[in-house]
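# Reading the structure
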Amino acid sequence: MQEPSVSRALVTPGEELGVEEEYLPGDNAYVDSGYVKSMVLGIAEWDRVNHVVNVKPLKLSLIRPGQIVYGKVYYFPSDKVAMVRIFAVQQQDGVRRIQAETGILYVTYASEERLGTIYDAVGLGDLIKARVLSSKPPYHISLRGPSLGVVETKCPQCRAVIVPSSTSGKITCPVCGFVFRRKAAPS
Ligand SMILES: [Zn+2]
């Protein structure tokens, strides 16, 4: 039987993957004092034919369905959908920062109420608290529930930072008096 040309193993950051004379550093690998080492936690692949070692970063996602997460709205692909950068998860011992993941919020899940557009629930740059609905990225998220929604927003008119104080769908800017709609989660 022929030896397979590629072998794999789980490696940690800084772990030696071989000597410089034998392997070239590929993806996520570097040379340090004659040794090829891994930059990341991941799966190393030694390619014996091309004499190169690559490391595929391991993504240990902490996001699970039902979990409460925090994220920032960064893009609206349409007036029914918001894209959210999820950056923290709520755990038993508090809120933990994570490597950013993509969340997707459909207008149907943006409120218990029937909304015309996603802009009635969230605005660009809003900090939101949401529940995860799916198990793979992009994670579908929901703002349905009294404790879920926008926890920090900016007045569309004067850009004042506002922390909503009630679940009412309307927010009045304390600085300029402008009234706008949000699915708010008072903290
Ligand atoms: Zn204002």
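Let us look at the structure shown here.

Cut-offs used in this document
- Residues numbered from 1 in each chain as written.
- Predicted model: local features only at pLDDT ≥ 70, side-chain atom pairs only at ≥ 80, totals over all residues.
- Heavy atoms only, no water.
- Helix = DSSP H or I, 4+ residues; strand = E, 2+ residues; numbered from the N terminus.
- Rg over C-alpha atoms; globule rule 2.2 N^0.38 Å.
- Buried < 20%, exposed > 50% of the residue type's maximum accessible area, 1.4 Å probe, protein only.
- Areas by Shrake-Rupley, 256 points an atom, 1.4 Å probe, with all protein chains shown as cover.
- Lys, Arg positive; Asp, Glu negative; His and termini not counted.
- Charge placed at Lys NZ, Arg CZ, Asp CG, Glu CD.
- Pairing = 2+ DSSP bridges.
- Axes fitted to C-alpha atoms, helices over the stretch in contact; angles between N-to-C directions.
- Donors = N, O, S within 2.8 Å, 3.2 Å for Na, K, Ca; no water.
- Tetrahedral: all angles 85-135°; square planar, octahedral: opposite > 155°, others 65-115°.
- Phe/Tyr/Trp six-rings, centres within 6.5 Å; stacked < 30°, edge-to-face > 60°.
- Lys NZ or Arg CZ within 6 Å of the ring centre and 35° of its normal.
- Salt bridge = Lys/Arg side-chain N within 4 Å of Asp/Glu carboxyl O.
- Core = buried A, V, L, I, M, F, W, Y, C linked by side-chain atoms within 4.5 Å.
- Contact = heavy atoms within 4.5 Å.

All right, on to the overall build of the protein chain then. The helix and strand tally for the protein chain stands at 0 helices and 16 strands. Over its C-alpha trace the protein chain gives a radius of gyration of 23 Å, far above what one expects of a compact globule, namely 16 Å for 187 residues. Projected onto its principal axes, the C-alpha coordinates of the protein chain cover approximately 70 × 35 × 35 Å. For the protein chain, the residues scored as buried account for 39% of the 187 residues in total. In the form shown here, the protein chain has an accessible surface area of approximately 10700 Å², with 52% of it arising from carbon and sulfur atoms. For the protein chain, the distance from the average site of its 22 positive side-chain charges to the average site of its 18 negative ones is 15 Å.

Turning to the sheet that holds strand S4 (residues 29-32), a few remarks are in order. Reading across from one edge, S2-S5-S4 is the order of the 3 strands in this open sheet, with antiparallel pairing throughout. The sheet terminates laterally at strand S2 (16-19) and S4, the two strands that pair on one side only. Ignoring strand direction, the axes of neighbouring strands in this sheet form an average angle of 30°. Note: S4 against strand S5 (residues 35-38), 4 bridges, orientation antiparallel. Each bridged residue has a counterpart across the sheet, and for Val-31 the counterpart in S5 is Val-36.

On the protein side, the zinc ion has Cys-155 (SG), Cys-158 (SG), Cys-173 (SG) and Cys-176 (SG) as donor atoms, found 2.2 to 2.3 Å from it. Considering all 4 donor atoms around the zinc ion, the spread of angles at the metal, 104 to 115°, places the coordination shape in the tetrahedral class. Mapped onto the sequence, the donors of the zinc ion take the spacing C-x2-C-x14-C-x2-C. Looking at Cys-155, the relative accessible area reads 0%, which means it is buried.

Another aspect to go through is the packing of aromatic side chains. One pair of aromatic rings is described through two measures. These are the centre distance and the angle between the planes. Following the criterion strictly, the structure yields 2 aromatic pairs and no others. When the centroid spacing of 4.9 Å and the interplanar angle of 70° are considered together, the rings of Phe-76 and Tyr-119 count as edge-to-face. Placement of the pair is Phe-76 in strand S8 (residues 68-78) and Tyr-119 in the loop between strand S10 (94-106) and strand S11 (127-132), with a sequence separation of 43 residues. According to the relative accessible area criterion, Phe-76 is buried, its value standing at 17%. The class for Tyr-119 is partly exposed, based on a relative accessible area of 40%. One Lys or Arg, Arg-85, reaches over the ring of Tyr-74 and ends 4.1 Å from the middle of that ring.

On to the pattern of salt bridges. This model, assessed by the stated rule, comprises 6 salt bridges. Among the ionic pairs, Glu-45 bridges to Arg-8, the shortest N-O distance being 2.7 Å. Remark: Arg-8 occurs in strand S1 (residues 6-11) and Glu-45 occurs in strand S6 (residues 42-47); sequence separation between them is 37 residues. Given the relative accessible area of 17%, Glu-45 is considered buried. In this structure, the salt-bridge partner of Lys-37 is Asp-32, at a minimum N-O distance of 2.8 Å.

Turning to the pairing of strand S13 (residues 149-154), a few remarks are in order. Where S11 meets S13, 3 bridges bridge the pair, whose relative direction is antiparallel. Of the residues in S13, the one forming a bridge with Ile-128 is Val-150. Note: S13 against strand S14 (residues 161-162), 2 bridges, orientation antiparallel. Looking at S14, one finds that Lys-154 is bridged to Val-161. Between S13 and S14, which pair antiparallel in sequence order, lie 6 residues; one of them, Arg-159, sits at a positive phi of approximately 70°.

Ranked by size, the top nonpolar core spans 23 residues in total, and within it Ile-86, Leu-105, Ile-118, Val-122, Ile-128 and Ile-141 carry the most contacts. At the level of elements, S8, strand S9 (81-91), S10, S11 and strand S12 (139-142) are the ones that each hand at least two residues to this core. Counting residues per element, this core draws most heavily on S9, at 4 residues. When residues no more than four places from it in sequence are discounted, the contact partners of Val-122 are Val-73, Phe-76, Ala-82, Leu-105, Ile-128, Leu-143, Val-150 and Arg-182. In this structure, Val-36, Ala-44, Trp-46 and Val-55 belong to the second largest nonpolar core, which totals 9 residues.

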